[in-house]
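Architecture at a glance
Spelled out from the first residue to the last, the chains are:
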Amino acid sequence: MIKFLLKGLLRDKSRSRLPVLVVTIGVTLTVLMHAYITGFMGDIIEINARFSYGHLKVMTRGYADNMRQSPNDLALLNVSSLIDDLKEQYPGTEWSPRIQFAGLVDIPDENGETRSQGPAAAMGLELLAQGSAEIKRMNFVKSLVRGQMPSKQNEVLLSDEFSRKLGVNPGDRITFISSTMNGSMSITNFVLAGTVSMGHEALDKGTLIADIQDARNALDMEDSAGEILGFLKGGFYIDEVARSEAEKFNSASSVNTDGFTPVMKTLSEQGTMGTYVNMTKLWSFYISLVFIIAMSLVLWNAGLLGGLRRYGEFGIRLAMGEEKGHIYSTLIYESIMIGLAGSLIGTFFGLLFAWLIQKYGIDISGLMRGSSMMLPTVIRARISPVDFYLGFIPGLASTVIGTMLSGIGIYKRQTAKLFKELEA
Amino acid sequence: MKKIITIFISAYSLLSASAQNADEILSRVEKNMSSDNRIFESSMIIHGIRNDRTITSKTYSVGDKRSFTEYLSPAREQGTKMLKLENQLWIYSPSTDRTIQISGHMLRQSVMGSDLSYEDMMDDRKISEVYSAEIAGSEIVDGRSTWILSLTAKVNNVAYYSRKMWIDKERFVPLQEELYARSGQLLKRTTLSDVRLVESRWFPMKIKYKDLLKQGGGTEFIITSVKFNQSIPDYIFTKAALKQ
């Protein structure tokens, strides 16, 4: 019977082409919208993870209590052995030491006197270490505006806007004035290798990026780091996984309560990120739900209309002696076929468009000018497993339910009145 | 009525006498603590939250306007020099061969991680020029009888709005000091000890500073040698001397 129905659908374009097209468009939009929302929300989390929070962060208890001030006097010591331990205990996570610090960038004139000066937020991270994922993670190569990436010790990057304000060019000598982890004044000379534009107003205002070893030398922090950032292997933050890793680490160190004991915090336990992670989950759910409901109503309606349009046909079939139950069941089977076909094609196109946006992104940097929040300037979709079946809710279920409702009318038809109806 | 007037006049004269005494006490303290010039070597032991560090230095100063300090150890600080001329301060870092002027908020930073700020170092003015003093009582400190002087700033450009000083009644040397913000919050506590007779003046050779807003065990400033009224060549107090 299925073969027979399929033949009917293929031959009668009015019963297949338009309904399948409507379902396809609806499902495509549903899948694309869900992937887009997931991507946009996730992007904000990932950008904050890459720049400051990591998916996980190991620091001393004292440092964690005052994290916003980056108190390097409470930094982690013997970091190499701690990272080795972390790599062994959590092989699925990448670990990168970082030092956040602040100071003044001072540009000397030909006599060594201050020509220009400006406050900078600085970051020491593995720029020169072999096999380090930090350059790719921070997207430095693509962010490079002038000059080149640091290739040897004592070379640094400055945010481009900041470098222009200071009137300094790649190859120039700059002096960085800061405090060592012991609180002494630290004055260090660097060579400006290149300038970067990270597309975030907050970072582009005044950032200095140095290799972690240079930061350690400047701040008297040999084999130390303010924080060790952990990134889950999939590249995306998964709260449940991060929480379980942090619990495992903290239960081992909970015996020692002094301020220098290393503790592990998940991204959602840092700053306001917890609220944001929860908000993201809720928003993604609600936005997707509203869209699915809207699309379901449209497709339900399409199913209803499809059933009603064939009112005359059902009358003839009833007049010819076909059972009401048979007509109803063939109608449902047909709608399942249309729903399935539309959902499959729609999911394919939805995933295709979502993949294109995931790969190439949508540049919204023009809208981000003046923003002091760390928001992405290129919006990317993110395809998740849900996207492979989500479209079937409006595509298949709504179409079938719509058809089922419209098909109830078949049972209300009376054989005695059929010819009268047909004459009319 | 006569009685009231008599009491009022007596109280007024007592207060005036006390103010005069406080000024006299301050003047005698300044005679001990200030000099036309001096050269001293010191060890600064900083009791940090994780470790103790000792920094040695040699300082030349003339009056309250000019001073020059060269750090002698440890290796990381060796050769670092500081020059103060009037209300300007420069620091020279040998590793970068740069001379940087310390100004603005940087003056509030700690000197070498100690409990002393650059602002504390800069303010060498005579106490009597900056504060008005009153005797607030007397107390025994470390077995020595002391006056408690309460000082309130009479100028605006001062790091601490009020101070409390415990002055040795016999030697006229401060033995203890508390520094307060305008809000009344206690910011720093200083303890002076090892008072010795140096060139006919009593002088504390050990000072312990504790910044109460900072973690750690405070900073001990130990003067290992001090010479007053020496002839110090003028070129020492020039920016050129920083690079030598």
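As a reminder, the structure under discussion sits directly above these lines.
Residues numbered from 1 in each chain as written. Chains lettered and ligands numbered in written order. Predicted model: local features only at pLDDT ≥ 70, side-chain atom pairs only at ≥ 80, totals over all residues.

**Quick look at unusual backbone geometry**
Of note, the bond from S73 of chain B into P74 of chain B is cis; its omega dihedral lies within 30 degrees of zero at 0°. Here P74 of chain B is to be found in the loop between β3 (66-73) and β4 (81-85). The phi angle at N78 of chain A is positive, at roughly 50°, despite the residue not being glycine. The phi torsion at M112 of chain B lies on the positive side, around 55°, for a residue other than glycine. Within the secondary structure, M112 of chain B sits in the loop between β6 (98-102) and α2 (118-122). C-beta crowding within 10 Å serves as the criterion here: with 22 such atoms nearby, M112 of chain B is assigned to the buried category. (Helix = DSSP H or I, 4+ residues; strand = E, 2+ residues; numbered from the N terminus. Buried ≥ 20, exposed ≤ 12 C-beta atoms within 10 Å, placed from the backbone.)

**Observations regarding the pairing of strand β9 (residues 162-168) of chain B**
Residues and elements named next belong to chain B. Of all 7 residues making up β9, 5 are buried, and the element is well covered by its neighbours. Where strand β8 (residues 144-153) and β9 come together, 7 bridges link them in antiparallel fashion. The residue of β9 that forms the bridge with T146 is D168. Note that β9 and strand β10 (residues 174-180) share 6 bridges and pair antiparallel. Within β10, the residue paired with W166 across the bridge is Q176. (Pairing = 2+ DSSP bridges.)

**A closer look at the interface of chain B and chain A**
Chain B puts 17 residues into the contact, and the matching count from chain A is 17 residues. Looking at the side of chain B that touches chain A, the elements with two or more residues in it are β5 (88-93) and β6 of chain B. It is β6 of chain B that contributes the most residues to the side of chain B that touches chain A, 4 residues altogether. Residue composition of the side of chain B that touches chain A, by class: 4 nonpolar, 8 polar and 5 charged. (Contact = placed C-beta atoms within 7 Å. Nonpolar A, V, L, I, M, F, W, Y, C, P; charged D, E, K, R; others polar.)

**Description of the nonpolar core**
Residue and element names in this part refer to chain A. Residues V156 and L208 are the most contacted members of the largest nonpolar core, which totals 97 residues. Tallying contributions element by element places strand β7 (residues 185-196) first for this core, with 6 residues. Excluding residues within four positions of it along the chain, V156 makes contact with P150, F190, L192, A193, L208, I209 and A210. (Core = buried A, V, L, I, M, F, W, Y, C linked by C-beta atoms within 7 Å.)

**Description of the packing of helix α13 (residues 324-360) of chain A against helix α15 (residues 392-407) of chain A**
Residues and elements named next belong to chain A. Relative orientation of the contacting elements α13 and α15 amounts to 160°, with a least axis distance of 8 Å. Judged by the angle between their axes, α13 and α15 are roughly antiparallel. Crossing of α13 against α15: the hand is right-handed. Two secondary-structure elements touch here, α13 through Y328, L331, I332, S335, I336, I338, G339, L340, G342, S343 and G346 and α15 through F392, G395, L396, T399, V400, T403, M404 and G407. (Axes fitted to C-alpha atoms, helices over the stretch in contact; angles between N-to-C directions. Parallel < 35°, antiparallel > 145°, perpendicular 65-115°, else oblique. Left-handed = near helix turned anticlockwise from the far one by under 90°.)

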